[in-house]
Protein chains: 4
Amino acid sequence: MTPSPHPATPTLSDLSPEARGLLETQTIELPSWAFGNSGTRFRVFTTAGVPRDPYEKIDDVAEVNRLTGVTPRISLHIPWDRTDDYDALRRHAEDQGISIGTINSNVFQDEDYKLGSLCNPDERIRAKAIAHHLECIDIMRATGSPALKIWLADGTNYPGQDSIRERQDRLADSLAQIYAALDEDQQLVLEYKFFEPAFYHTDVPDWGTSLVHCLALGERAKVVLDTGHHAPGTNIEFIVAQLVRLGRLGAFDFNSRFYADDDLIVGAADPFQLFRIMNEIVAAGALAPDSGVNFMLDQCHNLEEKIPGEIRSATNVQEATAKALLVDREALKAAQTAGDVLAANDVFVDAFSTDVRPLLAELRESRGLAPDPMRAFLDSGYLERIRAERVGGNAAGWGA
Amino acid sequence: MTPSPHPATPTLSDLSPEARGLLETQTIELPSWAFGNSGTRFRVFTTAGVPRDPYEKIDDVAEVNRLTGVTPRISLHIPWDRTDDYDALRRHAEDQGISIGTINSNVFQDEDYKLGSLCNPDERIRAKAIAHHLECIDIMRATGSPALKIWLADGTNYPGQDSIRERQDRLADSLAQIYAALDEDQQLVLEYKFFEPAFYHTDVPDWGTSLVHCLALGERAKVVLDTGHHAPGTNIEFIVAQLVRLGRLGAFDFNSRFYADDDLIVGAADPFQLFRIMNEIVAAGALAPDSGVNFMLDQCHNLEEKIPGEIRSATNVQEATAKALLVDREALKAAQTAGDVLAANDVFVDAFSTDVRPLLAELRESRGLAPDPMRAFLDSGYLERIRAERVGGNAAGWGA
Amino acid sequence: MTPSPHPATPTLSDLSPEARGLLETQTIELPSWAFGNSGTRFRVFTTAGVPRDPYEKIDDVAEVNRLTGVTPRISLHIPWDRTDDYDALRRHAEDQGISIGTINSNVFQDEDYKLGSLCNPDERIRAKAIAHHLECIDIMRATGSPALKIWLADGTNYPGQDSIRERQDRLADSLAQIYAALDEDQQLVLEYKFFEPAFYHTDVPDWGTSLVHCLALGERAKVVLDTGHHAPGTNIEFIVAQLVRLGRLGAFDFNSRFYADDDLIVGAADPFQLFRIMNEIVAAGALAPDSGVNFMLDQCHNLEEKIPGEIRSATNVQEATAKALLVDREALKAAQTAGDVLAANDVFVDAFSTDVRPLLAELRESRGLAPDPMRAFLDSGYLERIRAERVGGNAAGWGA
Amino acid sequence: MTPSPHPATPTLSDLSPEARGLLETQTIELPSWAFGNSGTRFRVFTTAGVPRDPYEKIDDVAEVNRLTGVTPRISLHIPWDRTDDYDALRRHAEDQGISIGTINSNVFQDEDYKLGSLCNPDERIRAKAIAHHLECIDIMRATGSPALKIWLADGTNYPGQDSIRERQDRLADSLAQIYAALDEDQQLVLEYKFFEPAFYHTDVPDWGTSLVHCLALGERAKVVLDTGHHAPGTNIEFIVAQLVRLGRLGAFDFNSRFYADDDLIVGAADPFQLFRIMNEIVAAGALAPDSGVNFMLDQCHNLEEKIPGEIRSATNVQEATAKALLVDREALKAAQTAGDVLAANDVFVDAFSTDVRPLLAELRESRGLAPDPMRAFLDSGYLERIRAERVGGNAAGWGA
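Residues numbered from 1 in each chain as written. Chains lettered and ligands numbered in written order. Predicted model: local features only at pLDDT ≥ 70, side-chain atom pairs only at ≥ 80, totals over all residues. Heavy atoms only, no water.

(A) View of the interface of chain D and chain A. Each partner contributes residues to the interface: chain D has 39 residues there, and chain A has 40 residues. Counting the contacts that link chain D with chain A gives 4 salt bridges. Here D:Asp346 makes a salt bridge to A:Arg312, at a shortest N to O gap of 2.7 Å. Taken together, the links from chain D to chain A amount to 8 residue pairs in polar contact (both at pLDDT 80 or more). Broken down by secondary-structure element, the contributors of at least two residues to the side of chain D that touches chain A are helix H8 (271-283), helix H9 (306-326), helix H11 (341-353), helix H12 (357-366) and helix H13 (373-380) of chain D. Looking at the side of chain D that touches chain A residue by residue, the class counts come to 20 nonpolar, 8 polar and 11 charged. (Contact = heavy atoms within 4.5 Å. Salt bridge = Lys/Arg side-chain N within 4 Å of Asp/Glu carboxyl O. Polar contact = N/O pair within 3.5 Å; in protein donor to acceptor, adjacent residues only side chain to side chain. Helix = DSSP H or I, 4+ residues; strand = E, 2+ residues; numbered from the N terminus. Nonpolar A, V, L, I, M, F, W, Y, C, P; charged D, E, K, R; others polar.)

As structure tokens, then:
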């Protein structure tokens, strides 16, 4: 058994050039809807200063990016972010150094979708849902978005309500029509979810189902892993490792949860799990910008301030990444090969136990950023300004 | 090992007079809100013919009672069922053979309650929440309701957000003030819930916590067991047996679930579990009307028709009860005493495997009711009538 | 909404000829180890009359088959059922109308396998584990077994203990060597398990992983679904439907569970779930003997008598199957197409609520069997005889 | 929103004198059985150098205490640690600075206990189980142990197997007889467990049940919280806070788990959870030696070396404690009072993110200990010595 080295607070110079490069080029895509109001079925509480349209959402993403330096993209959600001039929207983003990331479809908020969308027993409704995705693909073209993300609320609440098997066949058929409409440089990423809002069965409940459909579609179809969409006790880093191994991990929807799909700030519930996930990414060489894995957030700031919530999320992912980059892989490999269970775990945990906040502060300062983005934001007056300015109109939320 | 007797379809005459009497006098209280629209955080789908006010909700409860003969009470929810003349509301109910059952408070839908109600760190907000309960107690007096049901959304989403310990102390203090305002013939029942809408911690998460507060309050404080409010794998019939043993089971909120608090039709997800629960009730002699246990439903018919959903729920509870009454307790006791694991289980399961629907049809006919309440309802034209009549106005839902 | 038909106790004549044929030809393979002692990490309690060798296990399987008429195969477990003359063992079985079914390998009880078998970091140990499987393939040839079942205890207990990713690659390589050794008429079925005995990660934790490896191996590699090997809340019938759809469901390991992998009598914990599972099988036409799905039990009778436990298990599967065959598929389809949630559920549940025990008694009598196999067994004196005869020697268990 | 202070690596001087004092006087009791072999139902792997008797177990505990300075007590397990001269055993411990802590009874490994012990339907067996506890009380007197710990494997595997309700009554009666036999300075602590080895119901499944029995017994009966004995998703720190509030938290059985009762090294699965638990202890003033809460380990080192496993466990608890002592309670209170969700969480997480290993190294050196106990142990030659010396005899395990 080889003990871990004495703990110390590492600095940037303790990172290899490659590791430092990875940390410097890491990016995290922010979801437009995280800046609007959200809640539970019991209540959506309101927050002052919430954006009223996608332009203001972009402003907030740009603010987070100015402070953290790692969030240069925004995910849009259609129809919540529908606008009549996507070109203008794109320019508004680019003017602030932001690009349009993934386009998220929404086929769960129309009365027609009560019993499903792409899996609905009614062909007319499936066609409507497919058409919505074709609209999303048009928006991708208009905004330069590289990926269409499909999350479906499809499922049933009662055994017998519909045929599980036939719904799979309908899903395969609907997805094929959507995939066929994509351009060569566009990607489809298919999200899975264990339950909610369907309570008896979900049509894409697990990574296996998502993968099976992606394999049937083609190489530009990949799986989205939302960290909150699993059964209790599921080992998420295993799924990460498996999907990376198969070349089919398209994207993360980061968030955290204690029970169900709580959509809390990523890393807030179980920072060690986030570290283990990022470790699989780093170990597999999947952190690099060209690895094909898009790191996105998908969160709901029901009680806390939204912009600070996103800042904290971005720094949490950075911290977990920095720790993963600090794992002494040579020592780890040696202990694993020797079958020394505790020594291997010690090497692994040693990186997690390390405080990387000073290192990240140093990294930010080296890039001309404030060392503490949260502090900088709170001192900036931005919050006070939007609270004063964003009065009247409809505060953004899930319904609009 | 003693095998179970040959299966057969039992008739009313196979029941002891006592068992028959229990089945004939069983009642199930219906929640007013089950007749309004409900949904998930993703969407509330609408249903034609939904009530617009508490009067119409009472009409629907009365209709279910006319058909099933077992639902003579309605739970009200304040403020959703607020009206300016509770005496008129009560008469409207009584005219149709319905009494006002439990009054449910609501301290989770006002902006003030964002961080809690009876546990809120802000004394002003706690006082406001207490005052709301005093209003509910007044409504109890006006409507003849015997019980105040408290379910709290209180909790936190993030570790450190508030002090778990201090919130308990505030809760105890708030509850004491409410309890002190009750009349001698009024009861307080305190519901617990594992999670949702709070995601990190819930202030009354389990039966132990509810019991501890009830013990501190006094004899007229009892625990409400909502069948959907437990961690995965929790043995609910154990809790039933324990609370009955302690004389502190005040009421059931029946529903069923596959994952979280799905609020599906009771018995829909796991009919064997419902049977096991009713078995503990029957075995402990807690089924009788004067046993002090109030059998209530608390469900959400998000996708299915609401009135049929309530009819099915009532008949599901009746079926589970009839099966529990059919358990051959002498044979069961003999097998248990002999330590014959399989024989005891066989006696138990034999009752569950029996089809009691003919027996219940016979019971209904003996009481002048249609043998199949669902069939009778669908043939009655009631649904068509309310769809035609209840047009305009605001369809009832959780927000109003 | 179409109501379900009036309930009644169906007889054989209520089944279509095809349904009756499926019920008559249904078979369930029994595991040799269910007849030996088993237990938990806390204690293995003993039972009188337990077999001492594979011959006596075959005798017990034959006895269950004589009584139920549906269990004509035995699964063997190597090394627990190792013998020096497999030809003699096979004849002993055939003389009693039993064939040798699946051969189960065991690479978890040798000190060498402490850190894994097919995934072990040590190449020598992987080679040893592969060699064990080659021995199993030889035993398949000697016994006429059509399938090799692989369940692995491989995994890790601590994060970092070994590389999740590299273990997958080793697994793929090991499996490929085993698969290559199979004859053309032999099949490999790969079981997955959520957790236990590994506590941090399991190398084949879910159906997705098992499928991915089967796809890489070839057409004669299929997935084994053990009903107890899932996370809490997992919708097992969905997985059944998906694997049947993909043509990759090789076998069931039936049992039931409340919490983890409890290995209780199938149908004992949630009979409605077993019905839903059999419904997917029936609906997909996968019940027929030539469907390629092998229905097996994998259970532990820790407290109850073993032979009665297997009889009950076989009749529980029969009951669930009969109910699934009674589902009115035309009415179900009509309700599903109409989007009538409750009517569809009603049709479905109507079959479950039906008491099919009389129908099955009739089926048995039509085949010259006693109507109640449990009763017949208890009256047969078999139990008393083996208790008297099987004295001395080593009672079979997991260790031998 | 108040941001957290700049991170830094704290030293001893950053602790208040009181906090430092608490850290210096913290103790953790070690379980004798953690030093013996353990495993799962699938296999107990062996480890060289494992103790053969309680004397050698004490030697190992003393070695851990020499290195960490925080483990001066050993829990014994009867009959695993039975000896014919407890006085000699006690002296052997005292000579090495170790005292005998809690006595653990065992009423789950005798054939008589197949269907339960204190809850068994057979009065003779209950009397036998009670008598075993009286023997344990005698051993407490002989060894100076202050507390009797009762964990029961009692429960059932199948619904109907026995009466849940009657078993509660038997339990209450059995416990009363045991409690009555205690001396005035002896305590009874009652452990609860969600499941395993019983699979359908457990007789003491949750803290509520344990509390209810303790309340019935008297003031010297308290609850043991084993961190691995809860349903998935249970908020353990809530239970800690509640039991401390009620004055009924008698002891911890520390370990960690991913799925069920994995009995892994405490802090290994979720270090943030361990921090949150210790935070409730610190916040409630329950860390002091005279607080009445006994901090014990209960772990199984199935794969890893046992002594290093215990060293790592002790240091993990120390680290979580040090972090809890570093929480800026004034800032936390201010943010909580202001209702600033993120700021409160930030203050809380700031302490967790801090690397306290240097501070603890400093603490050890100030007490004359090596800064890194693991390193010191590995360099000491102790492991090599016991591997050479402890040859022959029966290696300790759960069966002996």
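What follows continues from the structure just given.
(B) Spotlight on the side chain of D:Thr315. All names here are of chain D. Tracing the backbone shows Thr315 in helix H9. Thr315 gets classed as buried once you look at its relative accessible area, which sits at 4%. Excluding residues that lie within four positions of it along the chain, Thr315 makes contacts with Arg364 and Pro373. (Buried < 20%, exposed > 50% of the residue type's maximum accessible area, 1.4 Å probe, protein only.)

(C) Summary view of the relation of the copies chain D and chain A. When chain D is fitted to chain A, the best match, at an RMSD of 0.0 Å, comes from turning it 180° and sliding it 0.0 Å along the axis. These values place the two chain copies in the arrangement generated by a two-fold rotation axis. For chain D, the smallest separation between a C-alpha atom and the rotation axis is recorded for D:Asp355, amounting to 2.7 Å. (Least-squares fit on C-alpha atoms with pLDDT ≥ 70 in both.)

(D) Seen up close, the nonpolar core. One finds A:Phe252, A:Phe254, A:Ile281, D:Phe252, D:Phe254 and D:Ile281 to be the most contacted residues of the largest nonpolar core, which totals 292 residues. Excluding anything up to four places from it in sequence, A:Phe252 contacts A:Val224, A:Leu225, A:Thr227, A:Val240, A:Ile277, A:Ile281, A:Val293, A:Asn294, A:Phe295 and A:Met296. Formed by 209 residues, the second largest nonpolar core is a distinct cluster that contains B:Tyr192, B:Leu243, C:Ala288 and C:Ala322. (Core = buried A, V, L, I, M, F, W, Y, C linked by side-chain atoms within 4.5 Å.)

(E) Quick look at the relation of the copies chain D and chain B. The transformation that overlays chain D on chain B combines an axial shift of 0.0 Å with a rotation of 180°, and the residual RMSD is 0.0 Å. When you check the interface residues of chain D against chain B, 98% turn up at the interface there too, and the contact is symmetric in its surfaces.

(F) Broad picture of the UniProt feature "domain: Xylose isomerase-like TIM barrel" (unreviewed entry) in chain A. This chain's UniProt record puts "domain: Xylose isomerase-like TIM barrel" (unreviewed entry) on residues 83-261 of chain A. Regarding residues 83-261 of chain A, the helix share stands at 39% and the strand share at 17%, and the terminal C-alpha atoms are separated by 29 Å. (UniProt positions renumbered as here; feature names shortened; annotations may be inferred.)

(G) Local environment of helix H2 (residues 54-68) of chain C. All names here are of chain C. Taking 1.5 Å per residue as the helical rise, H2 with its 15 residues ought to reach 21 Å, and the 21 Å between its terminal C-alpha atoms agrees with that figure. A large share of H2 lies buried, amounting to 12 of its 15 residues. Capping the start of H2 is the job of one residue whose side-chain oxygen sits 2.9 Å from the backbone nitrogen of Tyr55: Asp53. (Expected span 1.5 Å × (residues − 1).)

(H) Spotlight on the packing of helix H8 (residues 271-283) of chain C against helix H9 (residues 306-326) of chain C. Residues and elements named next belong to chain C. At a minimum axis distance of 8 Å, the contact between H8 and H9 shows a crossing angle of 55°. The angle between the axes of H8 and H9 places the two elements in the oblique class. Where H8 crosses over H9, the handedness of that crossing is right-handed. Where H8 abuts H9, its residues Leu274, Phe275, Met278, Asn279 and Val282 lie against Asn316, Val317, Ala320, Thr321, Lys323, Ala324 and Leu325. (Axes fitted to C-alpha atoms, helices over the stretch in contact; angles between N-to-C directions. Parallel < 35°, antiparallel > 145°, perpendicular 65-115°, else oblique. Left-handed = near helix turned anticlockwise from the far one by under 90°.)

(I) Broad picture of the environment of C:Leu363. Residue and element names in this part refer to chain C. Along the chain, Leu363 turns up in helix H12 (residues 357-366). Along the sequence, Leu363 and Arg20 sit 343 residues apart, while their C-alpha atoms lie 8.7 Å from each other. Every residue in contact with Leu363, bar those within four places of it in the chain, is listed here: Leu12, Leu23, Glu24 and Gln318.

(J) How the structure looks around the pattern of salt bridges. All names here are of chain B. Under the definition given, this model contains 152 salt bridges over all chains. The salt bridge partner of Glu29 is Arg73, with a shortest N-O separation of 2.9 Å. With Glu29 in strand S1 (residues 29-31) and Arg73 in strand S2 (residues 73-77), this pair connects stretches of sequence that are 44 residues apart. Among the residues examined, Glu29 registers a relative accessible area of 1% and is labelled buried.

(K) The arrangement of the interface of chain D and chain B in detail. Taken residue by residue, the interface counts 53 residues in chain D and 52 residues in chain B. Both faces considered, chain D and chain B share a buried interface measuring about 4,000 Å² in area, 62% of it formed by carbon and sulfur atoms. The largest share of the area that chain D buries against chain B comes from D:Arg165, D:Phe238 and D:Arg245, three residues that together contribute 17% of it. Summed over the shared surface of chain D and chain B, the number is 4 salt bridges. We note a salt bridge from D:Glu166 to B:Lys333, for which the minimum N-O separation is 2.5 Å. Joining chain D to chain B, the criterion identifies 18 residue pairs in polar contact (both at pLDDT 80 or more). Those elements that provide at least two residues to the side of chain D that touches chain B are helix H5 (164-180), strand S7 (201-202), helix H6 (207-217), helix H7 (236-245), H8, helix H10 (329-337) and H11 of chain D. Split into classes, the residues belonging to the side of chain D that touches chain B amount to 25 nonpolar, 16 polar and 12 charged. (Buried area = accessible area lost by both parts, 1.4 Å probe.)

(L) Region of interest: the environment of A:Asp206. Considering the arrangement of structural elements, one finds A:Asp206 in the loop between strand S7 (201-202) and helix H6 (207-217). Measuring from C-alpha to C-alpha, the distance between A:Asp206 and A:Arg312 comes to 28 Å, with 106 residues separating the pair along the chain. Every residue in contact with A:Asp206, bar those within four places of it in the chain, is listed here: A:Tyr192 and C:Trp207.

(M) The packing of aromatic side chains, seen in detail. In total, this model carries 82 aromatic pairs over all chains according to the counting rule given. Aromatic side chains A:Phe252 and A:Phe254 sit 4.6 Å apart centroid to centroid with 5° between the ring planes, which places their arrangement in the stacked category. Judged by relative accessible area, which is 0%, A:Phe252 ranks as buried. On the basis of an interplanar angle of 55° and a centroid distance of 5.1 Å, the ring pair of A:Phe258 and B:Tyr200 is categorised as tilted. Here A:Phe258 is found in the loop between strand S9 (249-254) and helix H8 (271-283), whereas its partner B:Tyr200 is found in the loop between strand S6 (187-191) and strand S7 (201-202) on a different chain. Here B:Tyr200 falls in the buried class, since its relative accessible area comes to 4%. One aromatic cluster in this structure is built from A:Phe272, A:Phe275, A:Phe348, A:Phe352, D:Phe272, D:Phe275, D:Phe348 and D:Phe352. The positively charged end of B:Lys323 is found above the aromatic ring belonging to B:Phe352, 4.4 Å away from the centroid. (Phe/Tyr/Trp six-rings, centres within 6.5 Å; stacked < 30°, edge-to-face > 60°. Lys NZ or Arg CZ within 6 Å of the ring centre and 35° of its normal.)

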